[in-house]
Amino acid sequence: PETMVFVAAAAVSAGAYGAYKGGQAAVKGTKQKLNDIKLERNGKAEYNAKSKERASRLSAIEKKHSASATATASTSSAGAAGRSSASASASAPGGGGKSVEERLAERRSAKAAAAATSGTAGSKKKGSVLSRFKK
């Protein structure tokens, strides 16, 4: 019975938080619409100019995102094709042609090996937090 109360309280809290966040989003959207209506009433020309500016800024951002997505896609496909030749140059001391994924995998494996040999699997200080402040 006590766990049921806890689960019910958690569910109610989650629902309330979702309603709160949804309300914030609704308020933000409503404020934007009110500002648009005020601009429209004050001057149609000013409203049209500002809406065009906003639309052009959004389209520029979308173009940048799509360009970067296509650039990373072409880079990753070119990288996959050139990995066999890059692996030969990757044995150089500086790590020459290694991709980011390869370097991350090496770092993770080195950290795992260091943690396995040290036996302290990530603990830096010993004792509780409170014991560090006692004098």
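Draft legend 1. Broad picture of the overall build of the protein chain. When its secondary structure is counted, the protein chain shows 5 helices and 0 strands. The helix and strand sequence of the protein chain, counted from the amino end, reads α-α-α-α-α. By residue count, 7% of the 135 residues in the protein chain fall in the buried class. Taken as a whole, the protein chain presents about 11400 Å² of accessible surface, with 63% of it coming from carbon and sulfur.

Draft legend 2. Representation of the confidence of the model for the protein chain in the model. Per-residue confidence for the protein chain gives a mean pLDDT of 75, with 69% of residues at or over 70. Helix 3 (residues 83-90) is the least confidently modelled element of the protein chain, averaging 46 in pLDDT, while helix 4 (residues 100-118) averages 84, the highest of any element. Residue range residues 84-93 is modelled with pLDDT below 50. Its contacts to residues more than four positions away, or to other chains, number 6 contacts.

Draft legend 3. Local environment of the side chain of Lys98. Its location among the elements puts Lys98 in the loop between helix 3 and helix 4. For Lys98, a relative accessible area of 19% gives the class buried. There is a polar contact of 2.5 Å between the side chain of Lys98 and the side chain of Glu106.

Draft legend 4. Broad picture of the pattern of salt bridges. Per the stated rule, a full pass over the model turns up 2 salt bridges. One salt bridge in this structure joins Asp36 and Arg54, with 3.3 Å as the shortest N-O distance. Placement of Asp36 in helix 1 (residues 2-42) and of Arg54 in helix 2 (residues 44-81) is noted, with a sequence separation of 18 residues between them. Owing to a relative accessible area of 16%, Asp36 belongs among the buried residues under this scheme. A salt bridge links Lys98 to Glu106; the nearest nitrogen and oxygen atoms lie 2.5 Å apart.

Draft legend 5. Highlighting a positive patch on the surface. On the surface, Arg103, Arg107, Arg108 and Lys111 cluster together into a patch of positive charge. Classification of Arg103 by relative accessible area gives partly exposed; the value is 36%.

Draft legend 6. Focus on the environment of Arg54. Given a relative accessible area of 30%, Arg54 falls into the partly exposed group. Once residues within four sequence positions are removed from consideration, Arg54 is found in contact with Gln32 and Asp36. Among the polar contacts made by the side chain of Arg54, one reaches the side chain of Asp36 at a distance of 3.3 Å.

Draft legend 7. The arrangement of the environment of Asn35 in detail. Looking at the element boundaries, Asn35 is found in helix 1. For Asn35, a relative accessible area of 43% corresponds to the partly exposed category. Spatially, the C-alpha atoms of Asn35 and Tyr47 are 9.8 Å apart, while their sequence positions differ by 12 residues.

Draft legend 8. Inspection of the environment of Glu101 at higher detail. Along the polypeptide, Glu101 turns up in helix 4. Judged by relative accessible area, Glu101 falls into the exposed class, the value being 55%. Looking at Glu101, its side chain comes within polar contact range of the side chain of Ser99, at 3.3 Å.

Criteria and thresholds
Residues numbered from 1 in each chain as written. Predicted model: local features only at pLDDT ≥ 70, side-chain atom pairs only at ≥ 80, totals over all residues. Heavy atoms only, no water. Helix = DSSP H or I, 4+ residues; strand = E, 2+ residues; numbered from the N terminus. Buried < 20%, exposed > 50% of the residue type's maximum accessible area, 1.4 Å probe, protein only. Areas by Shrake-Rupley, 256 points an atom, 1.4 Å probe, with all protein chains shown as cover. pLDDT = per-residue confidence, 0-100. Contact = heavy atoms within 4.5 Å. Polar contact = N/O pair within 3.5 Å; in protein donor to acceptor, adjacent residues only side chain to side chain. Salt bridge = Lys/Arg side-chain N within 4 Å of Asp/Glu carboxyl O. Patch = residues over 30% accessible without salt bridge, like charges linked within 9 Å, V, L, I, M, F, W, Y side chains within 5 Å. Lys, Arg positive; Asp, Glu negative; His and termini not counted. Charge placed at Lys NZ, Arg CZ, Asp CG, Glu CD.

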